[in-house]
Amino acid sequence: MVTRDADTRTTLADLQDLKTELTALRRALHQQPELAFQEHATSARVAGLLAQWGYEVVTGLAGTGLVATLRAGAGSRRLGLRADMDALPIAETTGLAYASQAEGRMHACGHDGHMAMLLGAARHLARTRNFSGVLHLIFQPAEERGFDSGAKRMVEEGLFKRFPCDMVLAMHNHPGAPVGQFLSRSGPFMAAGDRVFVKVIGNGGHAARPHLATDPVVAAAAIVMALQTVVSRNIDPSQAAVVSVGRLRAGDALNVIPGEAEIGISVRSFSPQVRARLRERIVQICTSTAESHEASVKIDYVEGYPVVDNADAPTALALEVARELVGVDRVTGDMPPLMGSEDFAYMQQAVPGALVRLGNGPASGGRALHNANYDFNDDNLCVGAAFWSRLAETYLRDTC
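Just so it is clear, the structure is predicted and the values come from calculations on it, not from any experiment.

Draft legend 1. Broad picture of the overall build of the protein. Scanning the protein from terminus to terminus reveals 11 helices and 16 strands. Across its three principal axes, the protein shows a C-alpha extent of roughly 80 × 45 × 40 Å. Put simply, the protein has 400 residues, and 54% of those count as buried. In the protein, the proportion of contacts linking residues at least 24 apart, taken out of those at least 6 apart, comes to 82%.

In structure tokens form, the structure reads like this:
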């Protein structure tokens with residue numbers, strides 16, 4: 001059990017003097033979004049601020065990633081806090097004065113806010129140094145990529161060998177929950193996410209002579225319908241899984257039977273056994289259904305992010321700190337698992353870790369994640385910064 005003096009740890013009031021500064025910073029980041037592995041200006045801005053505040057900054061991890069380290073006291077514990085930096089290829093429609101200035105790109109998932117909250121904590125902790133140990137702030141590129149992402153590359157490039165951590169935590173905003181409400185759970189929290197690209201190959205021809213062609217559109221349609229049975233008939237009803245067809249493309253002219261059709265599938269699961277079974281059945285259905293229509297398939301099955309599996313100790317720490325900071329009524333410790341995916345899972349595979357969600361307000365009116373009308377709620381900036389500060393002060397202590 002950690003011994004601590006509650007009178008000296010950060011409260012929400014302690015961050016209020018930074019609200020204007022953090023709001024301006026978040027909105028500046030929002031105006032200049034950069035896509036996965038292209039976060040050069042973003043990374044430079046973040047690195048410059050951290051160096052100015054006295055952090056040891058190492059850049060170039062996974063290309064545009066960086067780690068900033070601050071040491072205080074004689075404590076031996078080492079804590080990692082992570083924020084993601086990349087934007088999405090979405091054309092913003094908010095009409096805000098600080099809307100994206102980059103055509104076809106925007107921070108539609110709140111990574112601008114994630115960075116600003118962690119930078120707020122960095123600023124506060126640098127001036128107070130009310131901890132004893134080693135603090136590593138991890139600013140990661142390419143969370144949105146879906147595969148071969150920033151977290152994966154950083155871990156493969158020796159992130160935790162170069163910057164050892166005893167635990168690592170991350171935070172993501174959550175539209176639909178009240179602003180300032182913390183949500184998390186121990187164990188599987190966010191799903192593994194796989195992507196399947198299926199090319200259905202037939203034999204094109206004249207639409208008026210279908211008997212002389214092999215129609216890949218009919219085969220593709222049959223595959224789409226057959227895939228709807230995978231979860232309902234092949235997965236234990238007590239297990240959560242999703243198989244969604246998000247892409248179906250074929251042909252250009254009404255009087256032409258095309259030679260090929262394309263199917264894109266998103267697959268979500270929470271256990272290795274279910275994940276393997278989903279892959280087996282999807283491949284079988286695509287192959288056999290195409291053959292039954294005298295067509296064939298080429299399948300590219302891309303395994304994406306693993307399950308976000310929150311370790312007990314960091315989750316308990318995060319929930320305890322959140323309850324102390326905002327009150328028991330504003331903390332949910334048993335949030336249902338989410339079908340979305342997060343590449344923070346790769347860091348959790350290397351170091352015990354936990355991800356928490358922070359309510360961003362109503363998701364109506366286009367304020368949901370990955371929506372062209374989304375915007376991060378600036379009322380969360382001081383909340384998130386105070387949370388990270390208090391968590392570091394709580395964990396990094398001389399006496400344990």
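Draft legend 2. Region of the structure containing the sheet that holds strand E8 (residues 192-201). Spatially, E10-E12-E8-E13 is the arrangement adopted by the 4 strands of the open sheet, whose pairing is antiparallel. The sheet is open, and its two edges are formed by strand E10 (241-250) and strand E13 (296-302), each paired on a single side. Within this sheet the neighbouring strands show an average axis-to-axis angle of 20°, counted without direction. Sitting on the sheet, helix H6 (residues 216-227) is in contact with E8, E10, strand E12 (260-269) and E13, with an inclination near 15° to E12.

Draft legend 3. Just the sheet that holds strand E2 (residues 65-72), in detail. Here we have 8 strands laid out as an open sheet, ordered E1-E2-E4-E3-E5-E16-E6-E15, and mixed in their pairing. Each of the sheet's edge strands pairs with one partner strand only, and the pair in question is strand E1 (56-61) and strand E15 (331-332). Across 7 bridges, the pairing between E2 and strand E4 (residues 133-140) is antiparallel. The residue bridging Arg 71 from the neighbouring strand is Val 134, located in E4. Sheet strands in contact with helix H3 (residues 111-128) are E2, strand E3 (78-84), E4, strand E5 (167-174) and strand E16 (353-359), and its direction is about 145° off that of E3.

Draft legend 4. How the structure looks around the packing of helix H2 (residues 40-52) against H3. At a closest axis distance of 11 Å, the pairing of H2 and H3 adopts a crossing angle of 15°. Between H2 and H3, the angle falls in the class roughly parallel. In this structure, H2 crosses over H3, and the sense of that crossing is right-handed. Here H2 contributes Thr 42, Val 46, Leu 49 and Leu 50 to the contact with H3, which in turn contributes Met 115, Leu 119 and Ala 122.

Draft legend 5. The arrangement of the UniProt feature "domain: Peptidase M20 dimerisation" (unreviewed entry) in the protein in detail. Mapped onto this numbering, the UniProt entry annotates "domain: Peptidase M20 dimerisation" (unreviewed entry) at residues 198-292. Helix makes up 41% of residues 198-292 and strand 29%, with an end-to-end C-alpha separation of 16 Å.

Draft legend 6. The arrangement of helix H1 (residues 19-31) in detail. An ideal rise of 1.5 Å per residue puts 18 Å on 13 residues; H1 measures up with 18 Å between its terminal C-alpha atoms. Residues Leu 22, Thr 23, Leu 25, Arg 26, Ala 28, Leu 29 and His 30 constitute the buried set of H1. Those residues of H1 hidden inside the fold are in contact with H2, H3 and helix H11 (381-395).

Draft legend 7. Summary view of unusual backbone geometry. The phi angle at Phe 37 is positive, at roughly 65°, despite the residue not being glycine. The exposure class of Phe 37 is buried, given its relative accessible area of 17%. We note that Glu 294 has phi near 65°; this positive angle belongs to a residue other than glycine. With respect to the secondary-structure elements, Glu 294 resides in the loop between helix H8 (272-292) and E13.

Draft legend 8. Looking closely at the side chain of Asp 343. Of note, Asp 343 is situated in the loop between E15 and helix H10 (344-350). Here Arg 82 takes part through its side chain, which lies 3.0 Å from a polar atom of the side chain of Asp 343.

Draft legend 9. A look at the pairing of E1. Bridge analysis of E1 against E2 gives 5 bridges, and the strand direction is antiparallel. Of the residues in E2, the one forming a bridge with Val 57 is Ala 68. Linking E1 to E2, which pair antiparallel, is a turn of 3 residues; within it Ala 62 sits at a positive phi near 50°.

Draft legend 10. How the structure looks around the packing of aromatic side chains. Using the criterion set out here, one finds 3 aromatic pairs in the structure. Seen from their ring centres, Phe 182 and Phe 387 are 4.7 Å apart, and the 35° between their planes marks the pair as tilted. Separated by 205 residues along the polypeptide, Phe 182 in strand E6 (residues 182-183) and Phe 387 in helix H11 bring together distant segments of the chain. With centroids separated by 5.3 Å and ring planes inclined at 50°, the aromatic side chains of Phe 387 and Trp 388 adopt a geometry described as tilted. On the basis of relative accessibility, which here comes to 1%, the residue Phe 387 falls in the buried class. Taken together, the ring pairs in this structure connect Phe 182, Phe 387 and Trp 388 into an aromatic cluster. In this structure, Arg 145 packs its charged tip against the face of Phe 147, placed 4.7 Å from the ring centre.

Parameters at a glance
- Residues numbered from 1 in each chain as written.
- Predicted model: local features only at pLDDT ≥ 70, side-chain atom pairs only at ≥ 80, totals over all residues.
- Heavy atoms only, no water.
- Helix = DSSP H or I, 4+ residues; strand = E, 2+ residues; numbered from the N terminus.
- Buried < 20%, exposed > 50% of the residue type's maximum accessible area, 1.4 Å probe, protein only.
- Contact = heavy atoms within 4.5 Å.
- Pairing = 2+ DSSP bridges.
- Axes fitted to C-alpha atoms, helices over the stretch in contact; angles between N-to-C directions.
- Parallel < 35°, antiparallel > 145°, perpendicular 65-115°, else oblique.
- Left-handed = near helix turned anticlockwise from the far one by under 90°.
- UniProt positions renumbered as here; feature names shortened; annotations may be inferred.
- Expected span 1.5 Å × (residues − 1).
- Polar contact = N/O pair within 3.5 Å; in protein donor to acceptor, adjacent residues only side chain to side chain.
- Phe/Tyr/Trp six-rings, centres within 6.5 Å; stacked < 30°, edge-to-face > 60°.
- Lys NZ or Arg CZ within 6 Å of the ring centre and 35° of its normal.

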